[in-house]
Amino acid sequence: MRTSPRLDETHQEHAPAPITAADLNGATPGDGAPTDDNGWSDVSLLRRVLRPQTLVSFGLAAAIVAFMLTRFDLNLRAVLSEMRHANPLYLGLAFASYYGAFGFRAARWRSLLESADIRPPDGQSLPGLPGLSAIFVLSWFANCIVPAKLGDAYRGFLLKQRARTSFSGTLGTIFAERLVDLATLAALLVGSGFVVFGSRLPRNITSWMLFAAGLAVVVVAGLLIIMRFRHLLRRLVPTRIRHHYVRVEEGVIGSFGSVPTVLGLTAIIWLLEGVRLYFVSMSVGAGISLAAALFVALLASLLTVVPVTPAGLGFVELGIVGALTLFGVFHQTAASVALLDRVVAYWSVIAVGAVLYLITRWRWR
């Protein structure tokens, strides 16, 4: 990866040790943490699932779903019956929209990696789109079974394991990806909100739109500060971790070498989120427009920003039901849409990811 003179000096004075599974676990050598490359994938992921914090987060998700059932006076048996009678053709299209988006996510990430000059050593190539898509599904799988979006770090580890790339630099591209995601989500959420509600925006919807816009402003401002004052920020970072910070920073800033491509792919990804929810709603005859489905899907994604539960479990279901009722959807049908959408975009990921995890664990050794 191309480095600045200052970065070269940093590496000469404090040559970084190889990133190991212990680094990913926040552990230091000698504390009993695994130190081989299989530590994260073979041991730590399961260990994190069984941690009390993770179990509590699932308990919180269950409590939120129970609150949803009582808050909207839902008959669970009737909701499940409606789900069972959903149109399989529309559900199939919803699955195709969701999993098709992984290809666009992989293409965008590859563009970010290439812009940041994150490459394997010895002139080798990055994994192709199928390989990067598999890594994405595995990272989504991790996000679905542990809170705090640890799947992002897992994705960086998997690419390091698969292609021997810089873990810190890869994290920088993932951070840049999240910035673009949030900024685009905010723009599309506000735009779709005005399309479906016009000038008569409900007060709670206005609050969420302002929240999304505010987050976008904060992350863009943060990026500009990092770019403008990066040399000062480097001096403020403790020497012990400065080389890792510089790699992350260069990964973030270097990712924006092909902005039009990244923005175009991001727009497609978010539009497919709306298409997925639209087909799910069609499967139970909810009868909402594509613009309304896009708004609800974006609002649901916004609810995962605070990673209290795995992949926003509980919060997303409650948010979808509340948003759909604003469009005149009956509570029972709204709950069916919310739960079916999570079958597509959450529970199926656990099933597919578990199988893919076992396959890649064997093939990527």
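Quantities reported herein were computed from a predicted structural model and do not represent experimental measurements.

*Asks:* Just to check I follow, could you spell out the overall build of the chain for this structure?
*Replies:* Regarding its fold elements, the chain presents 16 helices and 0 strands. When contacts within the chain are restricted to residue pairs at least 6 apart in sequence, those whose partners lie at least 24 apart make up 75%. When the accessible surface of the chain is summed, it comes to about 16,800 Å², and 64% of that surface belongs to carbon and sulfur atoms.

*Asks:* Explain the packing of helix α4 (residues 52-71) against helix α15 (residues 315-325) here, please?
*Replies:* Between two packed helices, what matters for the description is the angle formed by their axes and the separation of those axes. Axis separation between α4 and α15 bottoms out at 8 Å; the angle between their running directions is 20°. The angle between the axes of α4 and α15 places the two elements in the roughly parallel class. Touching L60, I64, F67 and M68 of α4 are F315, E317, L318 and V321, all from α15. Here the residues of the contact of α4 with α15 sort into 7 nonpolar, no polar and 1 charged.

*Asks:* Got a minute to help me understand the nonpolar core in this structure?
*Replies:* Burial of nonpolar side chains together is a common tendency in soluble globular proteins. Core analysis: the largest hydrophobic core is formed by 81 residues, its most contacted members being W109 and L324. A total of 12 residues in this core trace back to one element, the largest contributor, which is helix α16 (residues 331-363). With 6 residues, the next largest nonpolar core counts A176, L179, L182 and L223 among its residues.

*Asks:* How should I be thinking about the pattern of salt bridges in this particular structure?
*Replies:* Opposite charge on two side chains allows them to pair when their charged atoms are near. Taken as a whole and assessed by the stated rule, the structure comprises 12 salt bridges. Measuring nitrogen to oxygen at the nearest pair gives 2.9 Å for the salt bridge that ties D117 to R119. Overall, the relative accessible area of 45% leaves R119 in the partly exposed class. With a closest N to O distance of 2.7 Å, D341 and R276 form a salt bridge. Of the two residues, D341 is situated in helix α16 and R276 in helix α13 (residues 259-283); the sequence distance between them amounts to 65 residues. Of the two residues examined, D341 and R276, each falls in the buried class. Connected through shared salt-bridge partners, R105, E273, R276 and D341 make up one network.

*Asks:* Help me understand unusual backbone geometry in this model?
*Replies:* Leave glycine aside and you will find that most residues have negative phi; peptide bonds, for their part, are mostly trans. The phi dihedral of R164 falls on the positive side, at around 60°, and the residue is not glycine. Secondary-structure assignment places R164 in the loop between α8 (151-163) and α9 (167-197). For R164, a relative accessible area of 49% puts it in the partly exposed group. Positive phi is not limited to glycine here, since A311 has a value of about 55°. With respect to the helices and strands, the residue A311 is situated in the loop between α14 (290-302) and α15.

*Asks:* Just checking my understanding: could you explain a nonpolar patch on the surface for this structure?
*Replies:* Taken together, the side chains of L60, V305, V306, V308 and F315 define a hydrophobic patch exposed on the protein surface, amounting to about 350 Å² of accessible area. Note on placement: L60 falls in helix α4. Under the relative-accessibility criterion, L60 is labelled partly exposed at 35%.

*Asks:* Please clarify how the environment of S125 should be interpreted in this entry.
*Replies:* In this fold, S125 is placed in the loop between α6 (88-115) and α7 (129-145). Owing to a relative accessible area of 59%, S125 belongs among the exposed residues under this scheme. Distance from S125 to A163, taken between C-alpha atoms, is 8.2 Å for residues 38 residues apart in sequence.

*Asks:* Could you clarify how one ought to interpret α14 in this entry?
*Replies:* Spacing of three or four residues puts side chains on the same side of an α-helix, whose turn is 3.6 residues. In a regular helix each residue adds 1.5 Å, so 13 residues correspond to 18 Å; α14 covers 18 Å between its end C-alpha atoms and thus fits that length. In terms of burial, α14 is a largely internal element, 11 of the 13 residues being buried. Those residues of α14 that sit buried are A292, A293, L294, F295, V296, A297, L298, L299, A300, S301 and L302.

*Asks:* So what exactly am I meant to see when it comes to the packing of aromatic side chains here?
*Replies:* Enumeration according to the criterion identifies 15 aromatic pairs in this entry. Between Y99 and F102, the ring centres sit 5.7 Å apart and the planes meet at 35°, which makes this aromatic pair tilted. Of this pair, Y99 and F102 both sit in helix α6, 3 residues apart, roughly one helical turn. Accessibility expressed as a relative area gives 24% for Y99, which makes it partly exposed. Taking the relative accessible area as the measure of exposure, F102 reaches 4% and is therefore buried.

*Asks:* I keep staring at the packing of α8 against α9 and nothing clicks. Help me out?
*Replies:* Contact pair α8 / α9: the axes reach a minimum separation of 9 Å and the direction vectors enclose 135°. Viewed along their axes, α8 and α9 adopt a mutual orientation that is oblique. The element α8 and its partner α9 pack so that their crossing is right-handed. Residue-level inspection shows D152, A153, R155, G156, F157, L159 and K160 of α8 in contact with α9, the latter providing F167, T170, L171, I174, E177 and R178. Of the residues belonging to the contact of α8 with α9, the class tally is 6 nonpolar, 2 polar and 5 charged.

*Asks:* Help me understand the confidence of the model for the chain in this model?
*Replies:* Predicted coordinates in regions of low pLDDT should not be interpreted in detail. Residue-level pLDDT values for the chain average 84, and 87% of them are 70 or greater. Throughout residues 1-39 the model reports pLDDT below 50, and contacts reaching past four residues in sequence, or to other chains, amount to 64 contacts.

So, how was this worked out
- Residues numbered from 1 in each chain as written.
- Predicted model: local features only at pLDDT ≥ 70, side-chain atom pairs only at ≥ 80, totals over all residues.
- Heavy atoms only, no water.
- Helix = DSSP H or I, 4+ residues; strand = E, 2+ residues; numbered from the N terminus.
- Contact = heavy atoms within 4.5 Å.
- Areas by Shrake-Rupley, 256 points an atom, 1.4 Å probe, with all protein chains shown as cover.
- Axes fitted to C-alpha atoms, helices over the stretch in contact; angles between N-to-C directions.
- Parallel < 35°, antiparallel > 145°, perpendicular 65-115°, else oblique.
- Nonpolar A, V, L, I, M, F, W, Y, C, P; charged D, E, K, R; others polar.
- Core = buried A, V, L, I, M, F, W, Y, C linked by side-chain atoms within 4.5 Å.
- Buried < 20%, exposed > 50% of the residue type's maximum accessible area, 1.4 Å probe, protein only.
- Salt bridge = Lys/Arg side-chain N within 4 Å of Asp/Glu carboxyl O.
- Patch = residues over 30% accessible without salt bridge, like charges linked within 9 Å, V, L, I, M, F, W, Y side chains within 5 Å.
- Expected span 1.5 Å × (residues − 1).
- Phe/Tyr/Trp six-rings, centres within 6.5 Å; stacked < 30°, edge-to-face > 60°.
- Left-handed = near helix turned anticlockwise from the far one by under 90°.
- pLDDT = per-residue confidence, 0-100.

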